[in-house]
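# Descriptive structure summary
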Amino acid sequence: MSRKVFYPLLLLFIPLIGMNFTDEIDWSLSDFIVAGLILLVFSICTNFIILRISNTNRRVLFITILLILFMLVWAELAVGIFGTPFAGS
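Since the model is a prediction, treat every value here as computed from it, not as a measurement.

### Observations regarding the overall build of the chain
Secondary structure summary: the chain contains three helices and zero strands in total. The order of helices and strands in the chain, counted from the N terminus, is α-α-α. Dimensions of the chain, computed from C-alpha atoms along their principal axes, come out at roughly 45 × 30 × 15 Å. Residues counted as buried form 19% of the 89 residues belonging to the chain. Contacts in the chain between residues far apart in sequence, at least 24 positions, make up 40% of those at least 6 positions apart. As displayed, the chain offers around 6900 Å² of accessible surface, 70% of which is attributable to carbon and sulfur atoms. Here the chain carries 5 positive and 5 negative side-chain charges, and the mean point of each set is 35 Å from the other.

Laid out in structure tokens, this is it:
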């Protein structure tokens, strides 16, 4: 596993910096940890797909499915589109 897997974690600087300029962004430490774990799992899975699947069409299909799952989990945790107990407020 290369260090490139950890590059998506740099996206967490966006809300960190944004919290200094506005009160609209109000993340706690647990929010950063959960977001970091989700980004890390997505990155590791994407890396696994790229390394293990040689057929380009299948690779695009699996990464697209993974991206949709990532966005659904993110949206559920943020605003609760499915109404699970894990939904945000």
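Moving on, there is more to tell.
### What to know about a nonpolar patch on the surface
Residues Leu-61, Phe-62, Ile-65, Leu-67, Ile-68, Leu-69, Met-71, Leu-72, Val-79, Ile-81 and Phe-82 make up a contiguous nonpolar surface patch of roughly 1000 Å² in combined accessible area. Along the chain, Ile-81 falls in the segment after α3 (56-79).

### Considering the packing of aromatic side chains
Following the criterion strictly, the structure yields three aromatic pairs and no others. Taking the centre distance of 5.7 Å and the plane angle of 45° together, the rings of Phe-70 and Trp-74 count as tilted. Linking Phe-70 with Trp-74, this pair stays in helix α3, spanning four residues, or about one helical turn.

### Overview of the side chain of Glu-76
Relative to the elements of secondary structure, Glu-76 occurs in helix α3. At 2.6 Å, the side chain of Glu-76 and the backbone nitrogen of Phe-82 are in polar contact.

### Topic: the packing of helix α2 (residues 29-52) against α3
Each pair of packed helices gets described by two things: the angle between the helix axes and the distance between those axes. Relative to each other, α2 and α3 sit at 175°, their axes nearing to 10 Å. The angle between the axes of α2 and α3 places the two elements in the roughly antiparallel class. For the pair α2 and α3, contact is made by Val-34, Ala-35, Ile-38, Leu-39, Phe-42, Cys-45, Thr-46, Ile-49 and Ile-50 and by Arg-59, Phe-62, Ile-63, Leu-66, Leu-67, Phe-70, Val-73, Trp-74 and Leu-77, respectively. Looking at the contact of α2 with α3 residue by residue, the classes come out as 16 nonpolar, one polar and one charged.

Quick notes on the rules
Note that residues are indexed from 1 along each chain, following the sequence as it is written. Restriction of local features to residues with pLDDT of at least 70 applies here, the model being predicted, together with a cutoff of 80 or more for giving and counting side-chain atom pairs; totals for whole chains, interfaces and linings are based on all residues. The side-chain quantities take in all heavy atoms of the structure and omit both hydrogens and water. Counting from the N terminus, the helices are DSSP H or I runs at least four residues long and the strands are E runs at least two residues long. Only protein chains enter the accessibility calculation, which uses a 1.4 Å probe. A residue is then buried if its area is under 20% of the maximum for its type, exposed if over 50%, and partly exposed in between. For this analysis, residues touch if any pair of their heavy atoms sits within 4.5 Å. Note that accessible areas follow from Shrake-Rupley with a 1.4 Å probe, and for residues the cover is restricted to the protein chains shown. The positive count covers Lys and Arg only, the negative count covers Asp and Glu only, and His and the chain ends enter neither. Taken as the charge location is NZ of Lys, CZ of Arg, CG of Asp or CD of Glu. Residues forming no salt bridge and having over 30% relative accessible area are the ones grouped into patches, like charges within 9 Å of each other and nonpolar side chains (Val, Leu, Ile, Met, Phe, Trp, Tyr) within 5 Å. By salt bridge we mean one thing: a side-chain nitrogen of Lys or Arg within 4 Å of a carboxyl oxygen of Asp or Glu. Each pair of aromatic rings taken from Phe, Tyr and Trp, with Trp reduced to its six-membered ring, is defined by centres within 6.5 Å and is described as stacked if the planes are under 30 degrees apart, edge-to-face if over 60, and tilted in the remaining cases. Residues adjacent in sequence count toward polar contacts only when both atoms are side-chain atoms; beyond that, a polar contact is any pair of N or O atoms within 3.5 Å, and within protein one must be able to donate a hydrogen and the other to accept it. The convention used is that axes are lines fitted to C-alpha atoms, helices contributing only their stretch in contact, and that angles between N-to-C directions extend from 0 to 180 degrees. Comment on the angle field: the value is read as roughly parallel under 35 degrees, roughly antiparallel over 145, roughly perpendicular from 65 to 115, and oblique elsewhere. Polarity classes work like this: nonpolar for Ala, Val, Leu, Ile, Met, Phe, Trp, Tyr, Cys and Pro, charged for Asp, Glu, Lys and Arg, and polar for all others, with Gly in that last group.

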